[in-house]
Amino acid sequence: MTNEEVLNEFRASGALLEGHFILSSGLRSSVYLQCALVLKNPQRAEKLCRALAESLPADIRSQIDMVVSPAMGGVVVGYEMARALGVDGIFTERVEGEFALRRGFEIPEGARVFMMEDVVTTGLSSRECIKTIEANGGKVIAAGSLVDRSNGKADLGVPYFPLVRLDVPAYQPDQLPPELAAIPAIKPGSRGLKA
């Protein structure tokens, strides 16, 4: 899929939002991609993840033993990526602020893992998830996401394959451009929200 085809899937599902958003990293942005909206349709989720799986280099794709993703945003894309690759998929969850394996999930010692995210902005959650995978016996051979908001600037420490790269500026809260500072900020993501 081309970048425009991917973005059209986000637009069609109402998942490409404009305003003043607080990202899970704490940075601010005028554009937010609400992956939960694009992934609520199973056929769309499958289409996007299958496109990413098919775009992976054959030598990497053939080595993947399992997919591991960080909850909450990575659960659906991790499952769909695992299905597209024909391997098992599990997820990590935050326990007292740190990623951990729960629910009886295990990573076989030496398993070659593909770490899958929905959106990468700074790469912090991805690197934390990778650290957890490796602490539990896995070897992360590559990572992927539907969206790379960093436009290639985020370093995950492993080969990284996003479905689409975007150059969407993100700002520190005290360094907002005037047009963004004039709009109330909202936090549409899942991290830090109370149930």
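Please refer to the structure placed before this passage.
Residues numbered from 1 in each chain as written. Predicted model: local features only at pLDDT ≥ 70, side-chain atom pairs only at ≥ 80, totals over all residues. Heavy atoms only, no water.

(A) Seen up close, helix H3 (residues 42-55). An ideal rise of 1.5 Å per residue puts 20 Å on 14 residues; H3 measures up with 20 Å between its terminal C-alpha atoms. All of the buried residues in H3 are Arg 44, Ala 45, Leu 48, Cys 49, Ala 51, Leu 52 and Ala 53. In this structure Asn 41 caps H3, since a side-chain oxygen of it lies 3.0 Å from the backbone nitrogen of Gln 43. (Helix = DSSP H or I, 4+ residues; strand = E, 2+ residues; numbered from the N terminus. Expected span 1.5 Å × (residues − 1). Buried < 20%, exposed > 50% of the residue type's maximum accessible area, 1.4 Å probe, protein only. Polar contact = N/O pair within 3.5 Å; in protein donor to acceptor, adjacent residues only side chain to side chain.)

(B) Representation of the pairing of strand S2 (residues 28-33) within the structure. Most of S2 sits out of view: five of its six residues are buried. In this sheet, S2 lies alongside strand S1 (residues 16-22) in antiparallel orientation, the contact comprising five bridges. Paired with Leu 17 across the two strands is Tyr 32, which belongs to S2. Counting the residues between successive antiparallel strands, the hairpin from S1 to S2 contains five residues, one of them, Gly 26, with a positive phi of roughly 95 degrees. (Pairing = 2+ DSSP bridges.)

(C) Quick peek at the packing of H3 against helix H5 (residues 74-85). Put simply, H3 and H5 touch, their axes get as near as 8 Å, and they point 60 degrees apart. One way to sum up the angle between H3 and H5 is to call them oblique. You can see that H3 and H5 cross each other, and the crossing is right-handed. Contacts from Pro 42, Ala 45, Glu 46, Cys 49, Arg 50, Leu 52 and Ala 53 of H3 reach H5 at Val 76, Val 77, Glu 80, Met 81, Arg 83, Ala 84 and Leu 85. (Axes fitted to C-alpha atoms, helices over the stretch in contact; angles between N-to-C directions. Parallel < 35°, antiparallel > 145°, perpendicular 65-115°, else oblique. Left-handed = near helix turned anticlockwise from the far one by under 90°. Contact = heavy atoms within 4.5 Å.)

(D) Seen up close, the sheet that holds strand S5 (residues 98-101). Taken in spatial order, the six strands of this open sheet run S5-S4-S3-S6-S7-S8, and their pairing is mixed. Two strands bound the open sheet, and with one partner strand each, they are S5 and strand S8 (160-165). The average undirected angle you get between the axes of adjacent strands in this sheet is 25 degrees. Of the strand pairs in this sheet, strand S4 (residues 88-95) and S5 are connected by four bridges, and their pairing is antiparallel. Counterpart to Glu 93 in the pairing with S5 is Ala 100. Against the sheet, H5 touches strand S3 (66-70), S4, strand S6 (112-120) and strand S7 (139-148), its axis set at about 170 degrees to S3.

(E) Expanded view of the nonpolar core. With 37 residues, the main nonpolar core has Met 81 and Leu 146 as its most contacted residues. Of all the secondary-structure elements, those providing two or more residues to this core are helix H1 (3-12), S2, helix H2 (35-39), H3, H5, S6, S7 and S8. At six residues, the largest contribution of residues to this core is made by H3. If we skip the residues at most four places from it in the chain, Leu 146 touches Cys 35, Leu 39, Leu 48, Cys 49, Val 77, Met 116, Glu 117, Asp 118, Pro 162, Leu 163 and Val 164. The next biggest cluster of nonpolar side chains, apart from the first, holds 19 residues, and it includes Met 66, Phe 99, Leu 156 and Tyr 160. (Core = buried A, V, L, I, M, F, W, Y, C linked by side-chain atoms within 4.5 Å.)

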